[in-house]
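Examination of the molecular architecture
As a plain string of letters, each chain reads:
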Amino acid sequence: MIEITSERLGAGEVLHATPAGKGRHPLPTVVFYHGFASSKTVYSYFAVALAQAGFRVIMPDAPEHGARFTGDAAGRIQRFWPILHGNLTEYPALRDALFAEELVADGRLAVGGASMGGMTALGIMARYPEVRCVTSLMGSAYYGSLSKTLFPPAENSDGVLASLADYEASQQLANLADRPLFLWHGEEDDVVPAVESFRLQHALAREGLNKNLTCVWEAGVKHRITPLALESATGFFLQHL
């Protein structure tokens, strides 16, 4: 049995899932980020699976998504990279609220996400050493190069991309190697190409920094989460958190 509620934590509304009766008990905690043009509710199957495995799961809505959506879908497409940056800059307040309310057992805090959420998780890992382990499903740690093909930003967005550079793998590779990291990608991904995860895998291996890396690739899979992705991510957290 599990319990799922919507509540305010930190600066905004989150989906909060736990094993039944454990809502205010300290638990190993996963903050999980959804994909672009989606919401915490759509991705709530991760909350269900991880809470069933014994974790507290906190799922925020990204800026302009879910409970924060303004109705401007066309405009939102032009703001992918500022929205990703918003996820990253909002993380510390959410982390601080979790610790202030004594919800995290023994500092056992992890981060995960899918697509834009996977990019968020990798950026958080790059900058915040308190995160014990991270999962990125069909994400990328190379924002600058990906921005040339995925939702290319407006000409006046150079400042956002410059700020994102401080989080990406080319600047923070060692920080993506010193804790357990799980990468999953469908090999036929038609939105965030699988080469984005392969690139990180190869960069870590080239520098001898891949001892904490776990990778799962699925042949024939496009940009979607599969049962294997969900099961593998859950198993990774059970092993490392």
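Described in the following lines is the structure provided in the data block. Owing to the predicted nature of the structure, the values given are computational and were not obtained by experimental measurement.

Cut-offs and rules
- Residues numbered from 1 in each chain as written.
- Predicted model: local features only at pLDDT ≥ 70, side-chain atom pairs only at ≥ 80, totals over all residues.
- Heavy atoms only, no water.
- Helix = DSSP H or I, 4+ residues; strand = E, 2+ residues; numbered from the N terminus.
- Expected span 1.5 Å × (residues − 1).
- Buried < 20%, exposed > 50% of the residue type's maximum accessible area, 1.4 Å probe, protein only.
- Arc of directions from axis to C-beta.
- Contact = heavy atoms within 4.5 Å.
- 1 Å grid on protein atoms, 1.4 Å probe; cavity = no way out; pocket = protein on both sides within 12 Å on 5 of 7 lines; lining within 4 Å.
- Points joined across faces, edges and corners; volume = space filled by probe spheres on them.
- Nonpolar A, V, L, I, M, F, W, Y, C, P; charged D, E, K, R; others polar.
- Axes fitted to C-alpha atoms, helices over the stretch in contact; angles between N-to-C directions.
- Parallel < 35°, antiparallel > 145°, perpendicular 65-115°, else oblique.
- Left-handed = near helix turned anticlockwise from the far one by under 90°.
- Pairing = 2+ DSSP bridges.

For the rest of this paragraph, the subject is helix H8 (residues 195-206). An α-helical turn contains 3.6 residues, so a residue and the one three or four places further along point in the same direction. Here H8 contains twelve residues, and its C-alpha end-to-end distance of 16 Å stays within 8% of the 16 Å for a straight helix at 1.5 Å per residue. Taken together, the buried positions of H8 are occupied by Glu196, Ser197, Leu200, Ala203 and Leu204. Seen along its axis, H8 keeps its buried residues to an arc of 125°; they face one direction. Buried residues along H8 sit against helix H4 (116-127), helix H5 (143-146), helix H7 (169-172), strand S7 (181-186) and strand S8 (213-218).

The next subject is the layout of surface pockets. Considering only enclosed or pocket space, the largest pocket measures out at about 220 Å³ in volume. Lining the largest pocket are 17 residues, with Ala11, Gly12, Pro60, Arg68 and Glu90 positioned closest to its centre. For the lining of the largest pocket, the secondary structure elements donating two or more residues are strand S1 (2-9), strand S2 (12-19) and helix H3 (80-100). With five residues, the single largest contributor to the lining of the largest pocket is H3. Class assignment for the residues of the lining of the largest pocket results in nine nonpolar, three polar and five charged.

What follows deals with the packing of H3 against H4. Look at H3 against H4: their axes get within 10 Å of each other, and the N-to-C directions meet at 45°. Relative to H4, the element H3 is oriented oblique. Remark: the crossing between H3 and H4 carries right-handed chirality. Across from Phe80, Ile83, Leu84, Asn87, Leu88 and Tyr91 in H3, the residues of H4 making contact are Met116, Met119, Thr120, Gly123 and Ile124. Looking at the contact of H3 with H4 residue by residue, the classes come out as eight nonpolar, three polar and no charged.

Right, let's talk about the sheet that holds strand S4 (residues 56-60) for a bit. Spatially, eight strands are ordered S1-S2-S4-S3-S5-S6-S7-S8 in an open sheet, and the strand pairing comes out mixed. Unpaired on one side and paired on the other, S1 and S8 mark the two borders of the sheet. Neighbouring strand axes in the sheet, compared pairwise and without regard to direction, differ in orientation by 20° on average. The strands that helix H1 (residues 44-52) touches are S1, S2, strand S3 (27-33), S4 and strand S6 (134-137); relative to S2, the one it contacts most, it runs at about 35°.

Any functional reading would require information that these geometric values do not contain.
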